[in-house]
There are 4 protein chains.
Amino acid sequence: MGGDAPQGTATSKAATGPAATGGIAADRLRSLIERVERLEEERKALSDDIKDIFAEAKSAGFDVKVMKQLIRMRKQEPAEIEEQETLLDLYRRALGM
Amino acid sequence: MGGDAPQGTATSKAATGPAATGGIAADRLRSLIERVERLEEERKALSDDIKDIFAEAKSAGFDVKVMKQLIRMRKQEPAEIEEQETLLDLYRRALGM
Amino acid sequence: MGGDAPQGTATSKAATGPAATGGIAADRLRSLIERVERLEEERKALSDDIKDIFAEAKSAGFDVKVMKQLIRMRKQEPAEIEEQETLLDLYRRALGM
Amino acid sequence: MGGDAPQGTATSKAATGPAATGGIAADRLRSLIERVERLEEERKALSDDIKDIFAEAKSAGFDVKVMKQLIRMRKQEPAEIEEQETLLDLYRRALGM
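So, how was this worked out
Residues numbered from 1 in each chain as written. Chains lettered and ligands numbered in written order. Predicted model: local features only at pLDDT ≥ 70, side-chain atom pairs only at ≥ 80, totals over all residues. Heavy atoms only, no water. Helix = DSSP H or I, 4+ residues; strand = E, 2+ residues; numbered from the N terminus. Buried < 20%, exposed > 50% of the residue type's maximum accessible area, 1.4 Å probe, protein only. Least-squares fit on C-alpha atoms with pLDDT ≥ 70 in both. Contact = heavy atoms within 4.5 Å. UniProt positions renumbered as here; feature names shortened; annotations may be inferred. Expected span 1.5 Å × (residues − 1). Salt bridge = Lys/Arg side-chain N within 4 Å of Asp/Glu carboxyl O. Patch = residues over 30% accessible without salt bridge, like charges linked within 9 Å, V, L, I, M, F, W, Y side chains within 5 Å. Areas by Shrake-Rupley, 256 points an atom, 1.4 Å probe, with all protein chains shown as cover. Lys, Arg positive; Asp, Glu negative; His and termini not counted. Charge placed at Lys NZ, Arg CZ, Asp CG, Glu CD. Domains from an automatic or database assignment. Buried area = accessible area lost by both parts, 1.4 Å probe. Polar contact = N/O pair within 3.5 Å; in protein donor to acceptor, adjacent residues only side chain to side chain. Nonpolar A, V, L, I, M, F, W, Y, C, P; charged D, E, K, R; others polar.

### A look at the overall build of chain A
When you go through chain A residue by residue, the secondary structure sums to 3 helices and 2 strands. N-terminal to C-terminal, the α/β element order of chain A is β-β-α-α-α. For chain A, buried positions account for 41% of its 97 residues.

What follows is the structure, encoded as structure tokens:
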């Protein structure tokens, strides 16, 4: 199954059996599509949950923009943060900011 | 907990207990941050899984770009798809495409 | 020209003259499309120029990521920058960062 | 000017003259930053112009979403469009759409 020729072109021999439509392994395509759709739905739900947490944080008086900056920083190495902060200070002073 | 005044400003009295730092409800902030981080990690894993499925589809000979178009269409109402396709044909003919 | 009915549907009487195709004001559509395409091309050229400047900065030894942060900050009010930096410090201390 | 060492670190000798601040070639940094800012401003103006044209198209009764699809297609080779449309039809039939 799944030869080199792109699925669905007349030359592809990958598809066999009744489900094939014009050379398409319909069952395989459906399964792949449905698996992606399920995962996309789960991902959307997670994004909504994240939004809810930030809404909760905001109503608790926290600054969401700063929280997001903090989360980005927590993915960085302390040394990397320090180097960037040093450079930023230096550049700001160079520009009189 | 979580009065109106933005969390972390000197005036906010929301924070109580030893964990408070400069008016910040540190435990609450930590819990909110860690919940977001956990969900972001799960979401990242789902995105990687989706990428894997498309890689699987590609190696099976399917056209990933067309699959993604199909997935977008499956979120639309058939009538909406039909109207857009009719208009697209009309516009293409109008421009001699 | 341009009545309420969506351009291109059979009912729209907006199109007149030989250029009309199935109710489409073809000339108007072409002109709108070509104007957008010209502006998109100009915009793409500007994006390429910006990339070139950052490449020039990098080869001159500047840190592009910090430069971009600086450019974002230069769009903010100093007071807003100061407030965010104060909060960020506070949140970092609250989380022992 | 612009040795290998990152601009702004103590070791960089690139900066000379009064404008240097902590090893930063301040004038060079300012010029690079201002050039980027000017181009970003021009780019923003172009994006606003493009938005205006789509608003004009919409008020003339055109379907903006379909226009955008048309503009994407006009960037593709006709053969590529045809192949994708053939595959899309095939995949839709395979899934009974």
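### As for the relation of the copies chain A and chain B
You can overlay chain A on chain B at an RMSD of 0.0 Å; the transform is a turn of 180° with a shift of 0.0 Å along its axis. Considering both components of the superposition, the chain copies are consistent with a two-fold axis. Identified as the residue of chain A closest to the rotation axis by C-alpha distance is Arg43(A), at 2.8 Å. Both copies share a contact surface, since 97% of the interface residues of chain A are interface residues in chain B too.

### Comments concerning the side chain of Arg92(C)
The residue Arg92(C) is located in helix α3 (residues 78-94) in this model. On the accessibility criterion, Arg92(C) (14% relative accessible area) is buried. Once residues within four sequence positions are removed from consideration, Arg92(C) is found in contact with Leu70(A), Met73(A), Ile81(A), Glu85(A) and Met97(C).

### Quick notes on the UniProt feature "coiled-coil region" (unreviewed entry) in chain A
When the UniProt feature table is mapped onto this chain numbering, "coiled-coil region" (unreviewed entry) sits at residues 29-56 of chain A. Taken as a whole, residues 29-56 of chain A contains 100% helix and 0% strand, while its terminal C-alpha atoms sit 41 Å from one another.

### Focus: helix α1 (residues 26-59) of chain C
The end-to-end C-alpha distance of α1(C) is 49 Å, a good match for the 50 Å that 34 residues give at a rise of 1.5 Å each. After α1(C) finishes, the residue Gly61(C) shows a positive phi value of roughly 95°.

### Observations concerning the pattern of salt bridges
Where charged atoms from two side chains of opposite charge approach closely, those side chains can pair. Tallied over the full model, the rule gives 32 salt bridges over all chains. Note that Glu37(B) and Arg74(A) form a salt bridge whose closest N and O atoms lie 2.6 Å from each other. Highlighted residues: Glu37(B) in helix α1 (residues 26-59) and Arg74(A) in the loop between α2 (64-73) and α3 (78-94), drawn from two different chains. Classification of Arg74(A) as partly exposed rests on a relative accessible area of 28%. One salt bridge connects Lys75(D) with Glu40(C), and the closest N-O pair in it is separated by 3.1 Å. Of this pair, Lys75(D) sits in the loop between α2 (64-73) and α3 (78-94) while Glu40(C) sits in helix α1, placing the two residues on different chains. By relative accessible area, which is 61% here, Lys75(D) ends up exposed. By sharing partners, the salt bridges in this structure join Arg28(A), Arg35(A) and Glu56(B) into a single network.

### With respect to the environment of Arg35(C)
Considering the arrangement of structural elements, one finds Arg35(C) in helix α1. In contact with Arg35(C), other than residues within four places in its own chain, are Ile53(D) and Glu56(D).

### Brief notes about a negative patch on the surface
A cluster of acidic side chains, namely Glu41(A), Glu42(A), Asp49(B) and Asp52(B), defines a negative patch on the protein surface. Mapping Glu41(A) onto the fold places it in helix α1 (residues 26-59). Accessibility expressed as a relative area gives 60% for Glu41(A), which makes it exposed.

### Here we look at the domain arrangement of chain A
Residue and element names in this part refer to chain A. Segmenting chain A into domains produces domain 1 (19-61) and domain 2 (63-97). Centre-to-centre, using C-alpha coordinates, domain 1 lies 34 Å away from domain 2. Domain 1 puts 4 residues into the contact, and the matching count from domain 2 is 5 residues. For the pairing of domain 1 and domain 2, the buried interface totals around 350 Å² over both sides, and the portion due to carbon and sulfur atoms is 87%. For the pair domain 1 and domain 2, the number of links is 0 residue pairs in polar contact (both at pLDDT 80 or more). A per-class count over the side of domain 1 that touches domain 2 returns 2 nonpolar, 1 polar and 1 charged.

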